[in-house]
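Spelled out from the first residue to the last, the chains are:
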Amino acid sequence: MSNETYISFYLSTFRIHIFSKAIVEIGNPKFIRFLVKEDGQSMIMEAYHKKDFQSHRVPKRTDGRWEMEVRNYPLCCLLKNRLHWEEGKSYRIPGKTYPGQKLAVFDLSAATHIQS
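Just so it is clear, the model here is predicted, and its values are computed rather than measured. (Residues numbered from 1 in each chain as written. Predicted model: local features only at pLDDT ≥ 70, side-chain atom pairs only at ≥ 80, totals over all residues. Heavy atoms only, no water.)

It is not clear to me how the pattern of salt bridges should be interpreted in this structure. Could you clarify?
Two side chains carrying opposite charge are able to pair once their charged atoms lie near each other. Within the structure shown, the criterion is met by 3 salt bridges. In this structure, Glu46 and Arg33 form a salt bridge, with 2.4 Å as the shortest nitrogen-oxygen distance. In this pair, Glu46 sits in strand β4 (residues 42–48) while Arg33 sits in strand β3 (residues 31–36), placing the two residues 13 residues apart along the sequence. This pair shows no difference in class: Glu46 is buried, exactly as Arg33 is. (Salt bridge = Lys/Arg side-chain N within 4 Å of Asp/Glu carboxyl O. Helix = DSSP H or I, 4+ residues; strand = E, 2+ residues; numbered from the N terminus. Buried < 20%, exposed > 50% of the residue type's maximum accessible area, 1.4 Å probe, protein only.)

Structure below.
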């Protein structure tokens with residue numbers, strides 16, 4: 001069973017905002033990593049088992065409100081160039097979580113510009 005979620009890219013600060021619901025639905029992992037399909041049209045965020053050069057630590061939930069943002073200059077630049085996103089703009093991408101597989105799949109081709 002899959003559930004809808006979103007991820008946002010802020011190219012002015014090279015930050016990625018991950019909706020907390022997506023993290024919860026893939027099993028509250030300690031780490032996550034992103035994998036972009038070769039054609040650049042989709043991206044996977046998956047639970048990962050360790051901290052290394054390709055992973056990001058998931059912060060611990062300390063209260064009811066919790067957000068996750070990571071800075072990832074290389075990934076933001078890769079997507080900006082491949083998808084012809086505008087420098088300094090922000091984009092929201094729809095996706096679906098697959099809890100049984102501990103991953104979320106995002107449709108990069110369906111990115112929409114976020115008005116500031």
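Please clarify how a positive patch on the surface should be interpreted in this entry.
Taken together, the side chains of Lys30, Lys51, Arg57 and Lys60 define a basic patch exposed on the protein surface. With respect to the helices, strands and loops of the structure, Lys60 is situated in the loop between β5 (55–57) and β6 (68–71). Accessibility expressed as a relative area gives 75% for Lys60, which makes it exposed. (Patch = residues over 30% accessible without salt bridge, like charges linked within 9 Å, V, L, I, M, F, W, Y side chains within 5 Å. Areas by Shrake-Rupley, 256 points an atom, 1.4 Å probe, with all protein chains shown as cover. Lys, Arg positive; Asp, Glu negative; His and termini not counted. Charge placed at Lys NZ, Arg CZ, Asp CG, Glu CD.)

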